[in-house]
Amino acid sequence: MATQEVLRNRKFRHTRFRLILLALCIMLLLSVTLGISLGPVSISGDVVWSIAAYKLGLIMRGNWSQGTENIVWLIRFPRVLLALVVGGGLAVVGVTLQALVRNPLADPYILGISSGASVGAVLVIGLGVFAVYGSMAVSVAAFFGAVLAFVIVYLLANHGGRITPGSLVLAGIGVGYFFTGITTFITMTSNKRQLAGQVLAWTLGSLARATWFDLSLPTWTLLIITTYLLFQSRSLNALIVGDETALTLGINVDKFRRHIFTLVALLTGVMVAVSGSIGFIGLMVPHMVRLVVGSDHRKVLPISVFVGSIFLIWADVIARGYHTPIDAPIELPVGVVTALLGGPFFLWLMWSTRLKRKIGNL
């Protein structure tokens, strides 16, 4: 009887997981459609997908205008798809990092990588470095800045071939503050009057300049690294419990942590390079997902990709649809929206964590 009960519970959990995935697939499709449809110029969903089918060579051209086609295919489609990829990528980084350092308050930017990317972007915007790369100069410089920050954090956190959660967090915070100081120094000492506004807009994150070219590297990076992490779900589950448990399961904890840290840093660097520093997604999404499906990374990772994608698509819709009191549409950095939502969530998380500790000590 007990065995049958266990089998029924397992079957119920699998069925529930599949239903959640199906529901998220439908929500993601609707979010993409509405994200492209909504804007200063409203475009119906059937026209959106008709244009997409025409561009893919599946149907003949319809009676829509060339302006509508350009808005859908050249502006909104790549922007919404980039939000999908970046949101999913930051969520995956958050899930993995919280397991890696065993800290529920960890997010992608605790590594200091976003601060390194900001230095690279500021060097381009303020000093014209990497200008040889043309329109891709900011993204290229941001990626190199992220890689530099990763290397420094790795060297500082690596003690005798070991990387502990504490040393990783401390190194990331220290490097982040250092690079933030460099960004501020360049901004304040530059002769360009508009540099501060440009730097602020980039550091808060934006998807406004998204193109189809921006999608290839982030998409493949997300697919490859997420697939690999799914195969490492057992090890990530063990790491959450503790290093001792992971060692008893035959996991080389130090080597595994270094390896996963490298992948997380790479994924963060690629996402930040194309979108700027969009905060709080990697903090909020993993906790939202764990409340629904538990802590098994075989479920948490794929669900987090969907939730992170949906969340950032709608955050960007809100950001680009903001209106001033005089009803003039302006472009808000999407990081402003995620911060307004993530700040209260972070405070609630801190409060609930302390409350659980107090209850545990009673």
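Below, the structure is looked at part by part. (Residues numbered from 1 in each chain as written. Predicted model: local features only at pLDDT ≥ 70, side-chain atom pairs only at ≥ 80, totals over all residues. Heavy atoms only, no water.)

## Considering the overall build of the chain
Regarding its fold elements, the chain presents 14 helices and two strands. Residues classed as buried in the chain amount to 49% of the 362 residues present. Partitioning the intrachain contacts of the chain with sequence separation of at least 6 by distance along the chain shows that 73% fall at a separation of at least 24. In the form shown here, the chain has an accessible surface area of approximately 18200 Å², with 69% of it arising from carbon and sulfur atoms. (Helix = DSSP H or I, 4+ residues; strand = E, 2+ residues; numbered from the N terminus. Buried < 20%, exposed > 50% of the residue type's maximum accessible area, 1.4 Å probe, protein only. Contact = heavy atoms within 4.5 Å. Areas by Shrake-Rupley, 256 points an atom, 1.4 Å probe, with all protein chains shown as cover.)

## Overview of helix α3 (residues 66–101)
Taking 1.5 Å per residue as the helical rise, α3 with its 36 residues ought to reach 52 Å, and the 51 Å between its terminal C-alpha atoms agrees with that figure. Along its length, α3 shows its largest kink, about 40°, at R76, and proline P78 lies within four residues downstream of that point. Within α3, 28 of the 36 residues are buried, which leaves it mostly tucked inside the rest of the structure. Remark: R102 follows α3 within two positions and exhibits a positive phi of approximately 50°. (Expected span 1.5 Å × (residues − 1). Bend = angle between axes of the 7 residues up to and from the residue.)

## A few points about the environment of H297
Relative to the elements of secondary structure, H297 occurs in helix α13 (residues 297–320). Between the C-alpha atoms of H297 and S235, which are 62 residues apart in sequence, the distance is 9.3 Å.

## So, the packing of aromatic side chains
The description of an aromatic ring pair rests on the distance of the ring centres and on the angle between the ring planes. Throughout the structure, instances matching the rule amount to 10 aromatic pairs. Aromatic rings pair up to connect W49, W73, F77 and W212 into one cluster. (Phe/Tyr/Trp six-rings, centres within 6.5 Å; stacked < 30°, edge-to-face > 60°.)

## Looking at the pattern of salt bridges
If you walk through the whole model with that rule in mind, you get five salt bridges. In this structure, the salt-bridge partner of R298 is D296, at a minimum N-O distance of 2.7 Å. Among the residues examined, R298 registers a relative accessible area of 56% and is labelled exposed. Relative accessible area serves as the criterion here: at 18%, D296 is assigned to the buried category. In this structure, D316 and R320 form a salt bridge, with 3.3 Å as the shortest nitrogen-oxygen distance. In this pair, D316 and R320 are both assigned in helix α13, four residues apart and thus about one turn of the helix distant. Residue R320 is classed as buried on the basis of its relative accessible area of 12%. A single salt-bridge network, built from bridges that share partners, covers K55, R61 and E69. (Salt bridge = Lys/Arg side-chain N within 4 Å of Asp/Glu carboxyl O.)

## Topic: the packing of α3 against helix α8 (residues 216–231)
Closest axis-to-axis distance for the α3/α8 pair is 10 Å, and the angle between their directions is 30°. Compared by their axis directions, α3 and α8 come out roughly parallel. The hand of the α3/α8 crossing is left-handed. Contact residues: α3 offers V85, G88, G89, V92 and T96, while α8 offers P218, T219, L222, T226 and L229. When the residues that make up the contact of α3 with α8 are grouped by side-chain class, the tally is five nonpolar, five polar and no charged. (Axes fitted to C-alpha atoms, helices over the stretch in contact; angles between N-to-C directions. Parallel < 35°, antiparallel > 145°, perpendicular 65-115°, else oblique. Left-handed = near helix turned anticlockwise from the far one by under 90°. Nonpolar A, V, L, I, M, F, W, Y, C, P; charged D, E, K, R; others polar.)

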